Amino acid sequence: MLPRLLIVRWSIRDLRRRWPQVAAIAAIIAIGTGVFASLSGTAVWRRQSNDASYARGAFHDIHVALSPGTNTAQGTLLQAIGSIPHAAMVDAVQERLVVATVVDASFGGKSILVPGRLVGSSGQTVDRTLDRRGVAIEPSSAAEPTALIETGFARAWSMPAAGTVRISGDQPVTYSAPAFQPEYFYPTGDQSSAFASPGSFAVLFTSLADAQRVSGQSGMVNDLVLRLRPGADRALVVKEVQTAVATSMAAISAEVTTRDDNPAYRLLYKDIDGDQRTWTVISFLVLGGAALAVFNLVSRIVESERREIGVGMALGTPRRYLAARPLLVGLQVALLGVALGVGVGRAMDAALASVFKSALPLPVWRTPFQAWSFARAAMVGVAMPVMATIWPTLRAVRMEPVTAIRTGPRSVGGNGRGRWLIPGLGRTYRTLPFRNVVRNARRTMLTATAVGAAVAVLVAVLGLLDAFGATVDRALSELEKTHPDRVEIQLESFQPATSASISDVRSMPTVGASEGGLRVPIHIGSAESGFDAVGEVFAMRGGLWAPSVASGRLPQAANEVLLGGSAARDLNISIGGHVEVTHPQRVGLGYRLATTDMTVVGTTGFPLRTFAFFDTDTAATMNLAGIVNVLRLDPATGSSPDDVIRAAFARSDVASARATSSWRATFDDALDTFTTVLRVTSAAVLCLALLIAFNSSSISVDERTREHATMFAFGLPRRSVVTMLMVEGAITGLLGTVIGIVGGYWAMQWIIHSSVSQTMPDITVITGLSVTSVFIGIAVGVAAVAIAPIFTVRRLRSMDIPDALRTVE
Amino acid sequence: MMRQSAGERAATGGESAVRLVNVSKSYRVGTHTVTALDDITMDIRRGELVVILGPSGSGKTTLLNLIGVLDVPTEGSLEVAGIDVATASERERFRIRRHAVSFIFQSFNLFPGLTAAENVEFGADVAGRDAPRQIATDVLARVGLPDRLHHFPHQLSGGEQQRVAIARALATGNPILLADEPTGELDFTTGVQILGLLAAQRDEGRSVLIVTHNREIARIADRVVELSSGRIVADGPPPGGPVAVQTVRW
């Protein structure tokens, strides 16, 4: 019988004879497995990098923050901690002074005025400042106040490594280097929001002494962070700290939180699983598309060897020997594809690592090679072509030898399908593309499905980009619908609306119209099912800006609320229903949290549920009637938002100033990681679609060699044959595109509703495909498949017509 | 654009439809040169039935391919329909195949996705003839298949498929028919019928060239050109003159 070595040599010759097709199929496997391996392994990277960065930064376990606007003598908080029964569980503790401010970081003609924070620490044992290598650094000591500037902010504005910024009261602060600090590893701004961009909030890290000096709070602190020893009972210590702080500072309220409550920490870890779900779905789509394409292409190659198998059977060769050759071809293609897939995967890894490092700068990034991800992908990559050879091989070896050997018309049946499709096309050969598509419906649908899978992934990815773009546009159009140049001033503390300082701000020469209101942190719903938000208490009518109403009406009385985004749906509340709102309530000089039952009177088109709107009458519920902490200022004629911000910056009672126009950058930055990964993936999918198109066309030319040779023998010009192939490709591509656009739209919807809604619950993503995305899908699915035959012109031109016409290959 | 079509020239412009002068054809196979045809000189006249006879490897198929302008000679001059094939551009060679010569293949080479009528219509279409559908119907009736118009090749017997292939060649209206072993895959009875159809074309003024290794078939020819090892070893009427198709036996 056939020696094994002969079968191996024969199969290698098969590969070499079809090397462009084999290379293309291997490339398809490579893209599918490489993208899958890379995308499905990012969660491990992020978790490891987060863990290492927080460990390196000695992130706090417990945080004590006094209410805004209050402070206490240095040492008081330390004493309180020292007095708790389980003080031995505390490993390290630091007092701090945290000062809200406005930062003018303008340089080189660039105007940068943002809200910010000055964090003065008494040491580096908890919440260390780290340089970009993850090494602890401290601000250099000098006669003038010096600080380190938060890395994300510095990178966002491409600031020089060292320089001078100015803070509220126009005070200069020299910074000597950019630095990381665990509380600010992820930009959350001053609203604990997922929508702060790194460039919209500046944090300066300095010594406690410099912070006290600069803020005029000599000897005072308002913040404390501590780390526990390994194995300590954190919940117990939290309770004891709460009791100790309440006892030692009865007149001042303080909030005691853990690291899990830190917005940056929460977002960094929470995002991982949610993002990974989305990447996994996309990676499975890519792998699925590749698998379909490989199955179609490899099975067609094996089908074309059916006659040789038949000849072998006629000669009495056992079926298992005959099956070995095509199976070996499938295995060799698989191994080649998987080997290339490692390269593609590493390239994707490098691209994704670069995206993550840029979008989520951390002091320590770990991007180890994910062997298990690759192994999983490799198993699929090997299985795909092997499975693709098994079925047609079994078909071939089970056929009667005489049927397998048969050539000519009897080997491929024609049928009447399609004739009715093509009246009036004129020349007979012009009908052949349509007849070919319909004649072998199974093959057409397999090819169309493979193209469709690639188009579906592309459309899903582009659709996600469209959805985020549309959501950002909706948010911005909502914010900018009236008085788009307005500036919002956050005050250092609550103040009477009629106070002199408020009047001063509102009567600044650069200010035209103005209004005051409250912005307070709230919690909507129950502790289990609700969510944190920002409550805006302003006059709903006649002011500079009010939210639009999607359903219901604006609040016009106390304890009425207009919910944003998907809040009402998420809380399962209809208009007229009631919801619990937990809000601050002034008590003496401090505040406590109170829960009030409020009526939902409407929902707004603003796509963020983290904003809820109340009329000014609700201020009384918070015991803040006639009090403001936010001012909305419209620039006077001839003044710009920047002029207003600069004027406000000079005042020491202004904590932050922000122009409405700065929100675009905030949204873009918030979605940057997501959209960049999608763009990288779409590039890979585009390559996949083009490869599928080319390979399908190439195999079609091989399958119809004799038909084409006969046409040439009758003098049909080559361009007519190429045109026929292009028309057939366009029809198949159109079918695939329809499948792809429908499938891609469905996939996009599913990803948004099942995955993105959990990753970014605060955003109500607006789904929809742009015309551009549909056009790209059509261009790839139809044009690529239709144009692919052009790449076979050389092969047609060099065809040995007499050789192709002969019966024996 | 030719002032006179290749077909017209072959049909009316002179005695010779095909003229070969000192034609040779060689192939390089690795480091060796294989001479398939060596110094062939011959004419095929209008209305002549010529059989190219020879054993396997004698060069008869190569000669057919050259005359059918599927290949070009390595040496010598080959004129088909008055055009020197060796110096003709590729466009001109395609044009010759559309308007001067038509092939009938041993394995039929019908298009499996087209019916019998459509396969024949294809021939008329490519040649640029008017009313190709009507031509297809008429020609299929002439070859004895009026009831097989809408059958696909796999639904036809071998003989019927070869008739369709002949019909396709006839539908072009080209004056030169080239048949490569036209009875090779057919039984004797069917083969005789096919030969009858081809002989009838000679009677209608076409030049018919049949390539075969079957000496019995050569008896129907006006002239037999015998090849051996790429050279003409005989060129003349068959012994005893041409006989009627019905009298051949193999």
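Residue positions are counted from 1 within each chain, in the order its sequence is given. By the order in which they are written, chains take letters starting at A while ligands take numbers starting at 1. Whole-chain, interface and lining totals are the exception, using all residues; otherwise, since this is a predicted model, local features are given only for residues with pLDDT of at least 70 and side-chain atom pairs are given and counted only at 80 or more. Neither water nor hydrogens contribute to the side-chain values; these are computed over all heavy atoms in the structure.

Novice: Help me understand the interface of chain A and chain B, please; the structure alone is not making it clear to me.
Specialist: In many reports, interface size means the accessible area that the parts give up when they come together. At the interface, 30 residues of chain A touch 36 residues of chain B. Between chain A and chain B the total buried area reaches about 3000 Å² when both faces are included, carbon and sulfur atoms providing 60% of it. Salt bridges are defined by distance alone: a side-chain nitrogen of Lys or Arg within 4 Å of a carboxyl oxygen of Asp or Glu. The tally of links from chain A across to chain B stands at two salt bridges. The residue Arg718(A) makes a salt bridge to Glu90(B) at a minimum N-O spacing of 2.6 Å. Each helix is a run of H or I in the DSSP string that is no shorter than four residues. Each strand is a run of E no shorter than two, and both are numbered from the N terminus. Looking at the side of chain A that touches chain B, the elements with two or more residues in it are α13 (428–439), α20 (705–713) and α24 (801–805) of chain A. We call two residues in contact when some of their heavy atoms are within 4.5 Å. Put simply, buried area is the surface a 1.4 Å probe can reach on two separate parts but cannot reach once they are joined, added for both.

Novice: Teacher, can you tell me more about the sheet that holds strand β5 (residues 83–84) of chain B here?
Specialist: Sheets are built from strands paired through backbone hydrogen bonds, the pairs being either parallel or antiparallel. Residue and element names in this part refer to chain B. Read across the sheet, four strands follow the order β2-β1-β4-β5 without closing on themselves; strand pairing throughout is antiparallel. The open sheet has two free edges, formed respectively by β2 (32–45) and β5, since each of these has just one partner strand. Two strands make a pair as long as DSSP finds a minimum of two bridges between them. Taken together, the 10 bridges between strand β1 (residues 16–29) and β2 define a ladder with antiparallel strand orientation. The residue of β2 that forms the bridge with serine 26 is threonine 35.

Novice: Mind showing me how you'd approach the packing of helix α14 (residues 441–479) of chain A against helix α22 (residues 771–787) of chain A here?
Specialist: Think of two packed helices as two axes; the pair is described by the angle between the axes and how far apart they sit. Residue and element names in this part refer to chain A. Only C-alpha atoms enter the line fits that serve as axes; for helices the fit covers just the stretch in contact. Angles between N-to-C directions range over 0 to 180 degrees. Direction vectors running N to C along α14 and α22 enclose 160°, while the axes themselves pass 9 Å from each other. Taken together, the axis directions place α14 and α22 in an arrangement best described as roughly antiparallel. Like other packed secondary-structure pairs, α14 and α22 cross with a definite hand, here right-handed. Seen from α14, the contacting residues are Val451, Val455, Leu458, Val459, Leu462 and Asp466; seen from α22, they are Ser773, Ile776, Gly777, Val780, Gly781 and Val785. Classification convention: Asp, Glu, Lys, Arg as charged; Ala, Val, Leu, Ile, Met, Phe, Trp, Tyr, Cys, Pro as nonpolar; all other residues, Gly among them, as polar. When grouped by side-chain class, the residues that make up the contact of α14 with α22 number eight nonpolar, three polar and one charged. The cut-offs work like this: below 35 degrees is roughly parallel, past 145 is roughly antiparallel, 65 to 115 is roughly perpendicular, and the gaps in between are oblique. It is the rotation of the near helix from the far one that decides the hand of a crossing: anticlockwise by less than a right angle makes it left-handed, clockwise makes it right-handed.

Novice: How should the confidence of the model for chain B be read in this particular structure?
Specialist: Segments scoring low in pLDDT should not have their predicted coordinates read at a detailed level. Residues and elements named next belong to chain B. The pLDDT score gives, residue by residue, the confidence of the prediction method on a 0 to 100 scale. Residues at a pLDDT of 70 or more form 94% of chain B, whose mean pLDDT is 88. The least confident element of chain B, judged by mean pLDDT, is helix α1 (residues 6–12) at 48; the most confident is strand β3 (residues 49–53) at 95. pLDDT under 50 marks residues 1–6. Its contacts with residues more than four places away, or in other chains, come to nine contacts. Low pLDDT, under 50, characterises residues 9–14; the stretch is placed with 16 contacts to residues that sit more than four places away or in other chains. Confidence estimates for the predicted assembly give a pTM of 0.76 and an ipTM of 0.81.

Novice: It is not clear to me how the sheet that holds strand β7 (residues 176–180) of chain B should be interpreted in this structure. Could you clarify?
Specialist: Residue and element names in this part refer to chain B. The six strands lie next to each other as β6-β7-β8-β3-β9-β10, forming an open sheet whose pairing is mixed. Sheet topology places β6 (101–104) and β10 (231–236) at the edges, where each strand pairs with a single neighbour. This sheet shows a mean twist of 20° between the axes of neighbouring strands, independent of strand direction. Taken together, the five bridges between β7 and strand β8 (residues 207–212) define a ladder with parallel strand orientation. By the bridge assignment for β8, alanine 179 is matched with isoleucine 210. Where helix α2 (residues 60–67) meets the sheet, its contacts fall on β3, β6, β7, β8 and β9 (223–228), and the angle it forms with β8 comes to roughly 150°.

Novice: Is there a simple way to explain the packing of α14(A) against helix α19 (residues 672–703) of chain A in this structure?
Specialist: All names here are of chain A. Interhelical geometry of α14 versus α19 gives an angle of 165° and a closest axis separation of 9 Å. As far as their axial angle goes, α19 and α14 are roughly antiparallel. The two elements α14 and α19 meet at a crossing, and its hand is left-handed. Contact residues: Arg443, Thr447, Ala450, Val451, Ala454, Val457, Leu458, Val461, Leu464, Leu465 and Phe468 in α14; Phe674, Thr675, Leu678, Arg679, Ser682, Val685, Leu686, Ala689, Ile692, Ser696 and Glu703 in α19.

Novice: How should a nonpolar patch on the surface be read in this particular structure?
Specialist: All names here are of chain A. A patch is a set of surface residues, each over 30% in relative accessible area and not in a salt bridge, joined within 9 Å for like charges and within 5 Å for the nonpolar side chains Val, Leu, Ile, Met, Phe, Trp and Tyr. Computed by Shrake-Rupley with a 1.4 Å probe, the accessible areas treat only the displayed protein chains as cover when residues are assessed. On the surface, a cluster of nonpolar side chains totalling about 310 Å² of accessible area is made up of Leu327, Met387, Ile390 and Leu394. Sorting elements by how many residues they give to the nonpolar patch places helix α11 (residues 371–398) first, with three residues. Residue classification places methionine 387 among the partly exposed positions, given a relative accessible area of 49%. Three labels apply to residues, based on accessible area from a 1.4 Å probe with only protein chains included: buried if under 20% of the type maximum, exposed if over 50%, partly exposed otherwise in between.

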